[in-house]
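# Structural characterization, general
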Amino acid sequence: ICDPLHYPTIMNTEMSHRLVAGTFVMSFLAALINTVPLIGVTFCGCNRISHYTCDLPALLSLSCSENSHNHLLIFLSCFLFGIVPFFLTLVSYIRIISTILEIQSTKGRS
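Looking up the protein in an unreviewed UniProt entry gives the name Olfactory receptor, with the organism given as Anolis carolinensis. For the protein, the Subcellular location (unreviewed entry) comment in UniProt is given as "Cell membrane".

### Brief notes about helix H4 (residues 68-102)
The end-to-end C-alpha separation of H4 is 49 Å, in line with the 51 Å expected for 35 residues at 1.5 Å each. Along H4, the sharpest change in direction is near 30° and occurs at Phe79. Buried-residue contacts for H4 involve helix H2 (13-35) and helix H3 (56-61).

### Observations concerning the UniProt feature "transmembrane region" (unreviewed entry) in the protein
On the UniProt side, "transmembrane region" (unreviewed entry) is annotated at positions that read residues 19-43 and 72-94 here. Between the end C-alpha atoms of residues 19-43 the distance is 39 Å, and the span holds 68% helix and 0% strand. Between the first and last C-alpha atoms of residues 72-94 the distance is 31 Å; the span itself is 100% helix and 0% strand.

Scoring rules and cut-offs
- Residues numbered from 1 in each chain as written.
- Predicted model: local features only at pLDDT ≥ 70, side-chain atom pairs only at ≥ 80, totals over all residues.
- Heavy atoms only, no water.
- UniProt positions renumbered as here; feature names shortened; annotations may be inferred.
- Helix = DSSP H or I, 4+ residues; strand = E, 2+ residues; numbered from the N terminus.
- Expected span 1.5 Å × (residues − 1).
- Bend = angle between axes of the 7 residues up to and from the residue.
- Contact = heavy atoms within 4.5 Å.

And the structure:
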């Protein structure tokens, strides 16, 4: 958006493949980070989850073992896969708005 005439050279087939591969790798890592720590968790007592989805915090609430490292992994996962992309998107929008505000004419801004 900041360099519209360069878009075809920047967003070529190779870049599209890189973006798809990066999305696949990041989603695989997110699933791996949230699933692997459950291998060593022991469950006892009630085995019913009072949620529609079987997510990690609901499973950890059923656990009898120590879960502090699992809670730390959940926090790090949320930070890595939630907050970082949010701030990257925010920076992108700030750059777009600053580029628009640098245009001198009203007709150019529209």
